Amino acid sequence: MVSALDMSLRQKLASFGFESNDDYEYALRLLFEAKPAGVRCLNVVGESGRRKTAFAHALASALEYPHILYHDFTQVEQPTAAVMVDAESGATQTIEAAVTAFDRAVTEACAYSEGARVALILDQIQASDFQEQIRLYQFAHTREWASVIGQVMANPSTLLLVLISETPLYHSLQKLAFKIWADASGGFLEFDPKEFGLGVEFQPVFRAFGEAFRELGQAPTQSEFAHIVEDLVQRVRTLDHLRTSLYGWMENLDRDRLLAAQVSDALGIVVELLSQLYGVEEIEIGPHE
């Protein structure tokens, strides 16, 4: 499993739709090098609406799991009857008792885990019945899952159970899980002008940007900063221009913080350094006579 982390995980996550400045490689090394008593569990936590689900799917794809199963407890679904197939005779038997989507997801994950790596993502756990959380704890602890379909066992070396909840997990279940904070706008990257095709004369501008982002308490991702740099070179000439660019490109940027005095002062230094490179350009908008 560790070999799957050799390539930059940040880049792989971005290629699957979750771009972040945070580096998750060490956290995942702790997760996969530990020896769980039951099923290996990852609890993805973070602020509401900050793309925990996107992180879970991107992570499973980045780690090249051939099977990725997903269940959302907020999705209402009518339970269906189960059809069992005898492996030797091929005969089928319909079990009239209701089979929930949750039961099917866990059973299927266990079946896949017998011969392949599988990630089972359980989302919005806070919407589940508490009894289901107890069942989930028992499964994570013993690797056994029992339902009307039958009893199955999970292979702990191939199954990753990813848990997502908007509220804290059931205490006993949490004790079995390793937590990762997923924030699409977290972390700080040190940007180099050369990465964006710019010369060393932009080094003071980029350093000033770094200070401004620290005052802001948030930094753009690589692709967001690429948009901002393009604006910086071609269009930004005033503090309002810069604020507009930052707010336009940075996901979940706190606008009130962007307008705060300390942040404005720091961004003003960026604009001043930029004006030294380009000069002050007066643009008149209106009809020409």
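This one's a predicted model, so the numbers in the text were calculated from it and none came from an experiment.

K.L.:
Please provide a residue-by-residue account of the pairing of strand β1 (residues 40-45), values included.
P.N.:
Extensive coverage of β1 is indicated by the burial of five of its six residues. As defined by bridge partners, β1 adjoins strand β8 (residues 159-164) across five bridges and the pair is classed as parallel. Bridging across to β8, N43 finds its partner in L163. For β1 and strand β9 (residues 177-181), the ladder comprises five bridges, and the chain directions are parallel. Within the sheet, the bridge partner assigned to C41 lies in β9 and is A177.

K.L.:
Residue-level account of the packing of helix α8 (residues 222-234) against helix α9 (residues 239-249), with values.
P.N.:
Their axes nearest at 9 Å, the elements α8 and α9 cross at an angle of 155°. In terms of orientation, α8 and α9 fall into the roughly antiparallel class. Of the two elements, α8 crosses α9, and the hand of that crossing is right-handed. Contacts between α8 and α9 pair E224, H227, I228, D231 and L232 from the former with L242, S245, L246 and W249 from the latter. Residues that form the contact of α8 with α9 fall into these classes: five nonpolar, two polar and two charged.

K.L.:
Describe the side chain of T221, naming the residues involved and giving the relevant values.
P.N.:
For T221, the location among the structural elements is in the loop between α7 (203-216) and α8. Since its relative accessible area comes to 2%, T221 is described here as buried.

K.L.:
For helix α5 (residues 130-142), give the residues involved together with the corresponding values.
P.N.:
Taking 1.5 Å of rise per residue, the 13 residues of α5 would be expected to cover 18 Å, and the 18 Å separating its terminal C-alpha atoms lies within 8% of that figure. Those residues of α5 that fall on the buried side of the exposure criterion are E132, Q133, L136, F139 and A140. Buried residues of α5, viewed axially, fall in a sector of 120°; they line one side. Looking at the buried residues of α5, the elements they touch are β1, α4 (101-113), β5 (118-123), β6 (144-147), β8 and α6 (171-174). N-cap assignment for α5: the residue whose side-chain oxygen lies 2.8 Å from the backbone N of Q131 is D129. Remark: R143 follows α5 within two positions and exhibits a positive phi of approximately 75°.

K.L.:
Residues and numbers for the pairing of β5, please.
P.N.:
With six of six residues buried, β5 is to be regarded as a mostly interior element. Side chains V118, L120 and L122 of β5 all project onto a buried face; the interleaved residues A119, I121 and D123 project onto the opposite face, where all are buried too. With six bridges joining them, strand β2 (residues 67-72) and β5 adopt parallel strand pairing. Directly across from L69, in β5, lies its bridge partner L120.

Parameters and conventions
- Numbering of residues begins from 1 in every chain and follows the order in which that chain's sequence is written.
- Reporting of local features is limited, given that this is a predicted model, to residues whose pLDDT is at least 70; pairs of side-chain atoms are given and counted only at 80 or more, and all residues count toward the totals for whole chains, interfaces and linings.
- No hydrogens and no water enter the side-chain calculation; it runs on all heavy atoms of the structure.
- Burial classes follow relative accessibility: with a 1.4 Å probe on protein chains only, a residue under 20% of its type's maximum area counts as buried, one over 50% as exposed, and anything between as partly exposed.
- Put simply, DSSP marks the helices as runs of H or I at least four residues long and the strands as runs of E at least two long, and each gets a number from the N terminus on.
- Strands are treated as partners if at least two bridges between them are detected by DSSP.
- Each axis is a line fitted through C-alpha atoms, and for a helix only the stretch in contact is used; angles between axes span 0 to 180 degrees, taken between their N-to-C directions.
- Relative orientations are named as follows: roughly parallel for angles under 35 degrees, roughly antiparallel for angles over 145 degrees, roughly perpendicular for angles from 65 to 115 degrees, and oblique for any other angle.
- For a crossing to be left-handed, the near helix must be turned anticlockwise from the far one by less than a right angle; the clockwise case is right-handed.
- Between two residues, a contact is recorded if the distance between any of their heavy atoms is within 4.5 Å.
- Only Asp, Glu, Lys and Arg are considered charged, only Ala, Val, Leu, Ile, Met, Phe, Trp, Tyr, Cys and Pro nonpolar, and every remaining residue, Gly among them, polar.
- Given the number of residues in a helix, its expected span is that number minus one, multiplied by 1.5 Å.
- By definition, the arc is the one covered by directions from the helix axis to the C-beta atoms.
- In protein, a polar contact means a hydrogen-donor-capable atom and an acceptor-capable atom, both N or O and within 3.5 Å, with residues adjacent in sequence counting only if both atoms are side-chain atoms; elsewhere, any N or O pair within 3.5 Å suffices.

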